[in-house]
Amino acid sequence: MPDRQPQVLAAVPDTGGAAGEAGEVTSLPPGSRVLLLNASFEPLAVVTAKRAIVLMLSGKAECVQAALEGAAFHSENLTVPAPSVMRLSRYVRVPYRRAVPMTRAGVLRRDLRRCAYCGKKADTIDHVIPRSRGGAHSWENCVAACKACNSKKADKLLDELGWTLEKAPKPPNRAAGGVLVLAVEPHPAWEPWLSEAA
Ligand SMILES: [Zn+2]
């Protein structure tokens, strides 16, 4: 894909000024919003109904789920069912969403500030496989730990201490990581698409 665009904003130009191209959205309540998905069906953004129609008419996006009650957009020559959810025709790469960067605060938040080893209040993070033994500084290898457990564990492996983890550490789910921060109340019809992203 040679001309893949680097950012959502680049792929979703503000077409508010493109007069005449889109006409009026006649059957939609003012302020209607449309959930825009990437070509891969990941939620990308929430756009106004008018912008959604422009994207559809210009072939940049297609309707995935129509708005209810036969809401439609009318221009001079055609009527288009108003979308509630639509999808970009071409995949847009969003590099900053690829991974949630791992931070100490992020690990503490993910683990609800509970020590992964004893369950007490955690203030530190511990590398499950110590860095000195090649353990990565990653979501998968870091857990919240209390100071006592952390110093007891030092550069040992869990096996050597007879300790176990309740569950394998993972990156936080992407919704919690802020993949799509909705500036508007999500429409109930969007729910399947949003939960899929979690
Ligand atoms: Zn502990």
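This structure is a prediction, so every number in the text was calculated from the model and none was measured.

Draft legend 1. Summary view of unusual backbone geometry. Unusually for a residue other than glycine, Leu112 sits at a positive phi of about 55°. Following the sequence through the fold, Leu112 ends up in the loop between α3 (104-110) and β7 (124-127). Of note, the phi angle at Arg113 is positive, near 55°, even though the residue is not glycine. Assignment of secondary structure puts Arg113 in the loop between α3 and β7.

Draft legend 2. Quick look at the sheet that holds strand β6 (residues 83-88). With respect to topology, four strands assemble into an open sheet ordered β2-β1-β6-β3, the strand pairing being mixed. Each edge of the open sheet is held by one strand with a lone partner, namely β2 (43-48) and β3 (61-66). The sheet shows a mean angle of 30° between the axes of neighbouring strands, taken without regard to direction. Here five bridges tie β3 to β6, and the two strands are oriented antiparallel to one another. Bridge pairing links Ala61 to Leu88 in β6.

Draft legend 3. Structural context of the environment of Phe73. Note on placement: Phe73 falls in strand β4 (residues 72-74). Overall, Phe73 belongs to the buried group, with 25 C-beta atoms counted inside 10 Å. Spatially, the C-alpha atoms of Phe73 and Pro83 are 9.2 Å apart, while their sequence positions differ by 10 residues.

Each value, and the rule that gives it
Residues numbered from 1 in each chain as written. Predicted model: local features only at pLDDT ≥ 70, side-chain atom pairs only at ≥ 80, totals over all residues. Helix = DSSP H or I, 4+ residues; strand = E, 2+ residues; numbered from the N terminus. Pairing = 2+ DSSP bridges. Axes fitted to C-alpha atoms, helices over the stretch in contact; angles between N-to-C directions. Buried ≥ 20, exposed ≤ 12 C-beta atoms within 10 Å, placed from the backbone.

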